[in-house]
Structure formats: C-alpha cells, structure tokens
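Report on the structure
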Amino acid sequence: MTFDPQAMAELGARMAQGTPQAAALNFRLVSVAPDGAAMAVPWREELVGDPETGVMAGGVVTTLLDHVCGLSVSCAMIAARGSFMHFGMATLDLRIDYMRPAEPRREVIALARCYKLTRSIAFVRASAFEEDEANPIATAQAAFAFTGPRPPLDGPAMEALGGGSVS
Amino acid sequence: MNDALPSTTREERLAAMLGAVPYFRFLGMTADLAGDEMTAVLPFADYLVGNVMIPALHGGVIGAFLEMTALCQLAVREPLRRLPKTIDVTIEYLRPGRAQTTYARADVRKIGRRIANVHVEAWQDQRATPVAALRGHFLLSLPEAEEAAPA
C-alpha cells in the first residue's frame, strides 16, 4: 500500500480545526485510517436543539457527519493515490436516519468509512454515537463527486479499498 | 414548547421556537412570516464556512439550516406540544453555498397524526437556482395525539 499514515494524520488534524465551521463547533480528531476516519464534537449549551432535554441539535450531528464523511474520502484518496490535493470534492447527497436523541451533555463521535471509490464518485457510510458504535444516534449514507481532474485509480492501492472498478 | 397551545398564532409559535432553541442563535438564523408563508434567512458569517478556498458554506450548515427550516414550518403550521423529532433527512447538494445570505422555504407535503413529510429548498441569488434541497420525515406531538405520543 502506498498510503502515508503521517499525511493522513496531518490531514485529519487540519480537518478537525482547519475550516471555520469545524473550529466553531470545536471538532476533535479521534482517528484516521486508510478507508475511514472518526471525529467528535463536544456538547455545549449554545448547540442545544431541544431546550427541554438539553439534547444537541440534529444540525450539529449533520455537520459532524458531513465533515467526517469528507475526511474519510480524503483518507481513501491518500491510500489510493498517495495524495488528495489535486481534486476538488463536492457532496452530492447525504441521507441521515436518526435512531434516537443524543444523550445530553455528552460528546458525540462520528465514524465514517469510504467503502467504494471510483474515478468520479466516492461512497461513504457513517454513524454517530456517544461511545458504542453498536448503539447509534444516527446513521448516514453519502455520495461525493470529484470535481477536479479525474484521478487514475489503477494499481495495487485500490485493492485495499475493494477493487478499482470505474463508473 | 409546552406553552405553544392551540390558541397561539403562527407568529407566536414561530417566535417561541426561534427564541427557545439555542442552536438557531448559533447559526444566526431567523425566519419571516407573510401570512402562512415562511421564509427562513441565514445571513453569511465567516464561521459558517466549510471550504475557505471558494469560499463556501459548510455542507453541514446548509443541511442544518434546511432541517431547522422544516421544524419552523411545522411549528407555524400546527400547535405542537413538543418540538418535532427528525426521523430521517435526505439532503441534495446542487450548487456551492457562496459567501452570501441564504434563504429557504419549506413545503409540508403530508401531515398525519404522528408523522409529517416536509420538502425544503434553499437558494441565494435566485430561487430558480437552488443551492440545496432536503426531504425529511418528522415525528410530531400534536395536542390531540398526546396520549399516543412516545416519550
């Protein structure tokens, strides 16, 4: 595999605080891997969506999920190409199912896995939880389009991502 | 939301929701009513940016704005005992959200005793070129369905 763990860790750290909205929500990097990433958002009063229960707004979880899904695609690109820098990326759609409210006053973690990468599209699944992935607050499915030059995805690195088929 | 009783007006219900939920203030979001037609407004702010190169609003911020617009529209439409709970949302991103004010309008496509289906569209310069759309289902606690409502 050609992926560079240090490049991924640097990217993850930059994604955690490097965009204004991530910094405003105080996102924290939890982990990065060749096909996925995890990030957390700490609870705070001004992010509450239901004042009766103190539960964080769904929109905060949406933003965390969108952000970590994007990071997982960048990680997959680094694993497949050694770099993600040349490609713009746009979210096509994001579907979120809310299983239950987040627990009040607790950090929420989102874990995303880019399970398929083609020349033009990346497919991602993600879930949000407090500590146990098996007890999700929400699950998500997203598709991203590469907007820059098309990446050639041939080579051994793609095998680690489940093949290099092209759409 | 317990004070949002059936006798309240649309304006009162909308103001109660906007005033009660801290996350509206975090986003800087407001909403205007013209009769039963509501337009949600999200003024641009630097901290809402997700891509500094373009710059573009964070996709999550746009999704959150659309979802909160749906919740406001439901409060305008019905006297609710509690805030609606989001069951699921599908957000479609059509264009980058530029560094300018974003607007959204929601359409309650179906409202049953327990569940509402809502479509929302957000735009900036022209309503005919939306930046994003949302379709979602929301769990309601209508006054007459109180006994059947979940905890």
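These remarks concern the structure in this document.

Cut-offs applied
Residues numbered from 1 in each chain as written. Chains lettered and ligands numbered in written order. Predicted model: local features only at pLDDT ≥ 70, side-chain atom pairs only at ≥ 80, totals over all residues. Pairing = 2+ DSSP bridges. Helix = DSSP H or I, 4+ residues; strand = E, 2+ residues; numbered from the N terminus. Axes fitted to C-alpha atoms, helices over the stretch in contact; angles between N-to-C directions. Contact = placed C-beta atoms within 7 Å. Buried ≥ 20, exposed ≤ 12 C-beta atoms within 10 Å, placed from the backbone. Core = buried A, V, L, I, M, F, W, Y, C linked by C-beta atoms within 7 Å.

Our next topic: the sheet that holds strand β5 (residues 85-93) of chain B. The antiparallel open sheet is built from twelve strands, whose spatial order is β1(A)-β2(A)-β6(A)-β7(A)-β8(A)-β5(A)-β5(B)-β8(B)-β7(B)-β6(B)-β2(B)-β1(B). On the outer flanks of this sheet lie β1 (28-33) of chain A together with β1 (30-34) of chain B, each paired with one strand and no other. The average angle at which neighbouring strand axes cross in this sheet is 20 degrees, direction not considered. The pairing of strand β7 (residues 121-129) of chain A with strand β8 (residues 138-146) of chain A spans eight bridges and is classified as antiparallel. Each residue of the ladder has a partner; that of Ala126(A), found in β8(A), is Ala140(A). With respect to the sheet, helix α1 (residues 5-17) of chain A is in contact with β1 and β2 (36-41) of chain A, its orientation differing from that of β1(A) by roughly 150 degrees.

Another aspect to go through is the environment of Phe123(A). Residue and element names in this part refer to chain A. Tracing the chain through its elements places Phe123 in strand β7. Here Phe123 falls in the partly exposed class, since 18 other C-beta atoms lie within 10 Å of it. Along the sequence, Phe123 and Cys69 sit 54 residues apart, while their C-alpha atoms lie 9.1 Å from each other. If we ignore the near neighbours within four places in the chain, the residues touching Phe123 are Tyr115, Lys116 and Ala143.

Our focus in this paragraph is the interface of chain B and chain A. Listed by partner, the interface residues are 30 residues for chain B and 28 residues for chain A. Within the residue set of the side of chain B that touches chain A, elements represented by two or more residues are α2 (22-27), β3 (49-51), α3 (59-77) and β5 of chain B. The leading source of residues in the side of chain B that touches chain A is β5(B), at eight residues. Taken together, the five bridges between strand β5 (residues 89-98) of chain A and β5(B) define a ladder with antiparallel strand orientation. The partner of Arg95(A) across the bridge, within β5(B), is Thr90(B).

Bringing the nonpolar core into the picture now. One finds Leu64(A), Leu65(A), Val68(A), Ala110(A) and Phe65(B) to be the most contacted residues of the largest nonpolar core, which totals 99 residues. In terms of residue count, helix α3 (residues 58-81) of chain A provides more of this core than any other element does, 14 residues in total. Excluding its chain neighbours within four sequence positions, the residues that come into contact with Val68(A) are Ala37(A), Ala38(A), Met39(A), Ala110(A), Ala112(A) and Ala126(A).

The next thing to look at is the pairing of strand β6 (residues 102-111) of chain B. Residues and elements named next belong to chain B. For strand β2 (residues 37-42) and β6, the ladder comprises three bridges, and the chain directions are antiparallel. Counted as the bridge partner of Ala40 is Ala104 from β6. Inspection of the sheet shows β6 paired to strand β7 (residues 115-123) by eight bridges, in the antiparallel sense. When the sheet's bridge partners are listed, Tyr103 is paired in β7 with Trp123. Hairpin geometry of β6 and β7 is characterised by an intervening segment of three residues between the two adjacent antiparallel strands.

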